[in-house]
Amino acid sequence: MTDQFAADKAARELAGEEGGFPTQEQAPPGLTTEMTPVPDHGEESWVGRGRLEGLKALVTGGDSGIGRAVAIAYAREGADVAINYLPEEQSDAEDTKQWIEKAGRKAVLLPADLRDEQDARGVVDDAASQLGGLDILVNNAGFQWARRDGGLQGLKTEEMDRVFKTNLYALFWVSQQALKYLKDGSSVINVSSIQAYDPSENLIDYASTKAAINNFTVNLANEVGGKGIRVNAVAPGPIWTPLQPATKAGESMPAFGGDTALGRAGQPSELAGAFVFLASPAEASYVSGTVIGVTGGKPVF
Ligand code: NAD
Ligand code: MG
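Definitions and limits used
Residues numbered from 1 in each chain as written. Chains lettered and ligands numbered in written order. Predicted model: local features only at pLDDT ≥ 70, side-chain atom pairs only at ≥ 80, totals over all residues. Heavy atoms only, no water. UniProt positions renumbered as here; feature names shortened; annotations may be inferred. Helix = DSSP H or I, 4+ residues; strand = E, 2+ residues; numbered from the N terminus. Rg over C-alpha atoms; globule rule 2.2 N^0.38 Å. Buried < 20%, exposed > 50% of the residue type's maximum accessible area, 1.4 Å probe, protein only. Areas by Shrake-Rupley, 256 points an atom, 1.4 Å probe, with all protein chains shown as cover. Lys, Arg positive; Asp, Glu negative; His and termini not counted. Charge placed at Lys NZ, Arg CZ, Asp CG, Glu CD. Core = buried A, V, L, I, M, F, W, Y, C linked by side-chain atoms within 4.5 Å. Contact = heavy atoms within 4.5 Å. Donors = N, O, S within 2.8 Å, 3.2 Å for Na, K, Ca; no water. Polar contact = N/O pair within 3.5 Å; in protein donor to acceptor, adjacent residues only side chain to side chain. Phe/Tyr/Trp six-rings, centres within 6.5 Å; stacked < 30°, edge-to-face > 60°. Lys NZ or Arg CZ within 6 Å of the ring centre and 35° of its normal. Pairing = 2+ DSSP bridges. Axes fitted to C-alpha atoms, helices over the stretch in contact; angles between N-to-C directions.

Under an unreviewed UniProt entry, the name given to the protein chain is SDR family oxidoreductase, and the organism recorded is Kocuria gwangalliensis. On record in UniProt, under Sequence similarities (unreviewed entry), the comment for the protein chain is "Belongs to the short-chain dehydrogenases/reductases (SDR) family."

Next comes the structure, spelled out in C-alpha cells:
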C-alpha cells in the first residue's frame, strides 16, 4: 500500500466511512484521472531488473488499471510495449505511453474496439509490425456490468453480448492471430478473476467468461507447448481500477475489497509481479497451463 493510499484510507476511517474507497461512479469504460484516490500502477515503486530485456509485448486494455501496471513493469524490465484500448480512453493511453517511454522503451498505441473481429486481428498485426515481432501477449481487456437488479432474471442480451464479445470472442481472435508471431520462448498471459471460483450473482455472465478463460488457458497451453510457447493466467481479486466505479453501484465502493483475508482491495501495482514472472522466459520456463491468484487471500481452487 502506498503512503498516500494509506493516508487516504485513514482519513476516510476517521470520517466514519467503511475504510474502502469514497462513494463514486463513472460511465464505462471509466478514466483513471476521475478516480478518488487515483490507483497506484507502480509509477514510483517498480524497479526493473532486465528480466524481459529485448522482448516485445502486446497488452490489451493497457491504458489503465492492471494493464497499465503491467505495461510500466514490462517496460522497466526491458520490453517494448504496444497497448490496445478503446478510443475514448486516449488520455489514459497517453499517460501509459509516457511511462513506457520514460523507461527508455518503445511504446505503440493501438486504439480499437476488440469486439470487432477485423479490428481485433488488426491490433495484433499492427503490434507485431510496429514492434518488429511479438514475444508476449497479455489478454487483459475485459468488461463486466454489475446488475443492480440481481442475477440471471435481470440479464439482458445486449449486456451478455458486450461481456462475452469483450472477454471471450476478442480473446479467441487476438490469441489466434498472435500465434502467427509467437515462437519458442514466447508466452500468453490471460486475465481471469476470482469470479471464476467464487461467482457473484449479479455478475453471472462475467463470472462465466472468466471460468471459460481458465479452461481456454489449459487447452491452449497443451496445443502450443510443443512449440515452446507457454500459456498461463492471472486471477485478480478486488483491485482498485476504473472498471470498478464504472460498472458497479457507487455506494458499493466503501466496502470494496473489505471481504478479503488482507481486509482491503489491491492496487494494480500489486499485480505486476505475477505478470513479469509469467512472461519471463528464464524464471517461468517450466510454468504453463496454470492460474496464479493475486486475490488478497481469496482461494483460487
Ligand atoms: P480497467 O478498466 O483499467 O481495464 C479494462 C480495460 O479493458 C479498459 O481499460 C479497456 O481499455 C479494455 N476494454 C474494455 N472493453 C474493450 C473493448 N471492447 N475493446 C478494447 N478494449 C476494451 O480495469 P482492470 O480492472 O484493470 O481490468 C483489467 C482486467 O482485469 C479485466 O480483464 C478484468 O476483468 C480483470 N479483473 C479485474 C478485477 C478488478 O477488481 N479490478 C478483478 C478480477 C479481474
Ligand atoms: Mg481504461
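Moving on to the overall build of the protein chain. Along the backbone of the protein chain there are 8 helices and 7 strands. In terms of C-alpha radius of gyration, the protein chain reaches 18 Å, essentially the compact-globule figure of 19 Å for 301 residues. By principal-axis analysis of the C-alpha atoms, the protein chain measures approximately 55 × 45 × 35 Å. Within the protein chain, buried positions represent 54% of all 301 residues. Total accessible area on the protein chain stands at roughly 12,400 Å², and carbon and sulfur atoms take up 51% of it. Both charge centroids of the protein chain, one from 26 positive and one from 40 negative side chains, sit 5 Å from each other.

What tends to happen in soluble globular proteins is that the nonpolar side chains get buried as a cluster. Ranked by internal contacts, the top residues of the largest apolar core, which has 32 residues, are Tyr74, Val81, Ile83, Ile136, Val138, Ile189 and Phe275. Secondary-structure elements contributing two or more residues to this core are strand S1 (56–60), helix H2 (65–76), strand S2 (80–85), helix H3 (90–102), strand S3 (107–111), strand S4 (136–139), strand S5 (187–191) and helix H8 (272–279). In this structure Val81 touches Ala57, Val59, Ala71, Tyr74, Ala75, Ile100, Lys106, Ala107, Val108 and Leu131, once residues within four positions along its chain are discounted. Leu110, Leu131, Ile213 and Ile229 belong to the second largest nonpolar core, which has 28 residues in total.

Quick look at the coordination of the magnesium ion (ligand 2) now. Summarising the metal site, the magnesium ion (ligand 2) is bound by the protein donors Asp63 (OD), Ser64 (OG) and Glu89 (OE), whose distances to it range over 2.1 to 2.2 Å. In primary-sequence terms, the residues that donate to the magnesium ion (ligand 2) follow D-S-x24-E. Taken together, the residues span a long stretch of sequence, with Ser64 in the loop between S1 and H2 and Glu89 in the loop between S2 and H3 at a distance of 25 residues. Under the relative-accessibility criterion, Ser64 is labelled buried at 11%.

Turning to the side chain of Thr60, a few remarks are in order. As for its placement among the helices and strands, Thr60 is situated in strand S1. Residue classification places Thr60 among the buried positions, given a relative accessible area of 2%. A distance of 2.9 Å separates a polar side-chain atom of Thr60 from the backbone nitrogen of Asn140. If sequence neighbours within four positions are ignored, Thr60 has contacts with Asn84, Leu114, Val138, Asn139, Asn140 and Ala141.

With that settled, the discussion passes to the packing of aromatic side chains. Counted by the stated rule, this structure contains 5 aromatic pairs. An angle of 5 degrees between the planes, with centres 3.7 Å apart, marks the rings of Phe21 and Trp240 as stacked. Remark: Trp240 occurs in the loop between strand S6 (230–236) and helix H7 (243–247) and Phe21 occurs in the loop between helix H1 (3–14) and S1; sequence separation between them is 219 residues. With relative accessibility at 2%, the residue Phe21 sits in the buried group. Note on Trp240: relative accessible area 0%, which makes it buried. Taken together, the aromatic side chains of Phe21, Trp240 and Phe256 make up a single cluster linked through ring pairs. Here Lys102 stacks its cationic end above the ring of Trp99, 4.4 Å away from the centre of that ring. Geometry around Tyr169 places Lys165 over its ring, the cationic atom sitting 5.9 Å from the centre.

Let's shift gears to the sheet that holds S5. Across the sheet, which stays open at both edges, the 7 strands sit in the order S3-S2-S1-S4-S5-S6-S7 with parallel pairing between neighbours. Bordering the open sheet on either side are S3 and strand S7 (291–294), each of which pairs with just one other strand. Pairs of neighbouring strands in the sheet enclose a mean axial angle of 15 degrees, with direction left out of account. Sheet topology places S6 next to S7; 4 bridges connect them, and they run parallel. The residue bridging Ala235 from the neighbouring strand is Gly293, located in S7. Where H3 meets the sheet, it contacts S2 and S3, and its direction lies at approximately 165 degrees from that of S3. Along the sheet, H8 makes contact with S4, S5, S6 and S7, crossing S6 at roughly 175 degrees.

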